[in-house]
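# Close look at the chain arrangement
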Amino acid sequence: ARKGHLMQIKRDLTPDVLRGFALLGILVANIQFMALNSGEGARGEWVQGLANGSATFIIATIFTGKFYLIFSFLFGYSSNYIIKGDRANRARWVKRCLALMALGVLHFSFLWHGDIIFMYGIFGLLLIPFFFRSDRTIKIWTRVIFSVTSAILLVVAALLFVAEQVLTEEALQTSMESKLDEVLLNGSFIEAIPARLELWVYGISTGIILQGGMAFAAFLLGLRMARSQFLSSPIDVNQNSKLIKRGLLLGAPIQILAALALVQNEQSSDPSEAVYLFALTVSFIAAPLLSMFFVGVIRKLVEEKPNTVSWMKPAGQMSLTVYISQSIITSLIFGPWGLGLFQDLQTWQVLILAFGIWGLLVYLSTIWLKKYKQGPLEKLVHAVTKDR
């Protein structure tokens, strides 16, 4: 009994390593909107040439749409640590979600219009009715939400394709000139706030359609898998091998084809918005396969060669602090109140920079946790949400 108690106290390695790893993918997917075009990311001129085209291909194939699913899965998974099968703990979960929403408001107002913390707070509240439902009920809801979201995305892409065939080019001009781009080129930090809020409102409305349903389905999957301690050691080796093979063999070809279509479309003389959206839609719908592959590989490495991945654990332990820190650093790099490098770097340079920023924050997280038990924002959230 004592051994079992110690196992519960000891923090599982895999969830933290996965969070640390997912932070890299999230930054790579986001930095194109921070550095190149705040509304559209790496599109048009930013995809031209071999280096930029290759960087865009790498981002689309490996990163876009995959790592926010892993992060969402882990958010649902971690809810089990807070609820612990006790209905009385729901109050603490509610306080946690409200704290995340408050941090999210500050984040998207002052730093990054693509914030996910606010949405996580809202979806966290929507997760409450599922905490004590059966595995079968949660599985059904997961599949229904994923299927409905996929159907909506496909219908929207199909309608846009039809619209391109029957409407004039002028009627299809929907690209919104971002006021934030102008501010990031020669404005002030204060001027960026209303421009960022305007873009956030536009982004949250499209983001919920494009990513919201998928994220909530991942929440539910994480909640269900936590009950069987899916990320705890020892793992089912055969099951994990099947997970890795299925994710790679089915997921990689789809992502490669979708990314090729996206890059070729952007590099053509007459790019199609419908082709872009369809490629993005296919990529998002198939993203869980590659996400599954990444999760399986991390599980395998933690089980067999933990030293090869354990260095990512500190970033995962203080993932909220690292996530916000990524936005602070990129704001100082690209904003005119900092180095002012917005639209000065190429896509391939931005991709390399993302790895550098992530590596730096992993290193700083390691140093921080040698002195303190929690990251600063984790400590803040804990202080706000703990039972009085």
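Attention here is on the structure that accompanies the text. Being a predicted model, the structure only gives us computed values, none of them experimental.

Calculation rules
Residues numbered from 1 in each chain as written. Predicted model: local features only at pLDDT ≥ 70, side-chain atom pairs only at ≥ 80, totals over all residues. Heavy atoms only, no water. Helix = DSSP H or I, 4+ residues; strand = E, 2+ residues; numbered from the N terminus. Rg over C-alpha atoms; globule rule 2.2 N^0.38 Å. Buried < 20%, exposed > 50% of the residue type's maximum accessible area, 1.4 Å probe, protein only. Areas by Shrake-Rupley, 256 points an atom, 1.4 Å probe, with all protein chains shown as cover. Lys, Arg positive; Asp, Glu negative; His and termini not counted. Charge placed at Lys NZ, Arg CZ, Asp CG, Glu CD. Patch = residues over 30% accessible without salt bridge, like charges linked within 9 Å, V, L, I, M, F, W, Y side chains within 5 Å. Salt bridge = Lys/Arg side-chain N within 4 Å of Asp/Glu carboxyl O. Expected span 1.5 Å × (residues − 1). Bend = angle between axes of the 7 residues up to and from the residue. Contact = heavy atoms within 4.5 Å.

A word on the overall build of the chain. The helix and strand inventory of the chain stands at 15 helices and 0 strands. For 388 residues, the compact-globule estimate of 2.2 N^0.38 gives 21 Å, and the chain sits close to it at 21 Å. Along the longest, intermediate and shortest principal axes, the C-alpha atoms of the chain span 70 × 45 × 40 Å. When each of the 388 residues of the chain is scored for burial, the buried share is 49%. Taken as a whole, the chain presents about 18900 Å² of accessible surface, with 65% of it coming from carbon and sulfur. Positive and negative charge centroids in the chain, built from 34 and 24 side chains respectively, lie 21 Å apart.

What follows covers a nonpolar patch on the surface. On the surface, Ile-140, Val-144, Val-148, Ile-152 and Val-156 cluster together into a nonpolar patch covering about 380 Å² of accessible area. With respect to the element layout, Val-144 can be found in helix 7 (residues 135-166). By relative accessible area, Val-144 is classed as partly exposed at 42%.

Glancing now at helix 10 (residues 237-267). With 31 residues, helix 10 extends 43 Å from end C-alpha to end C-alpha; this agrees with the ideal 45 Å at 1.5 Å per step. At Gly-251, helix 10 shows its largest bend, some 30 degrees, and a proline, Pro-253, comes one to four positions later.

Before going further, it helps to spend a moment on the side chain of Thr-321. As for its position among the elements, Thr-321 is in helix 13 (residues 319-334). Not counting chain neighbours up to four residues away, the residues in contact with Thr-321 comprise Gly-375, Pro-376, Leu-377 and Glu-378.

Taken as a whole, this structure holds 6 salt bridges when the rule is applied. Measuring nitrogen to oxygen at the nearest pair gives 3.0 Å for the salt bridge that ties Arg-43 to Glu-266. Of this pair, Arg-43 sits in the loop between helix 2 (13-35) and helix 3 (50-63) while Glu-266 sits in helix 10, placing them 223 residues apart in sequence. Linked through salt bridges whose partners overlap, the residues forming this network are Arg-43, Glu-266 and Glu-273.

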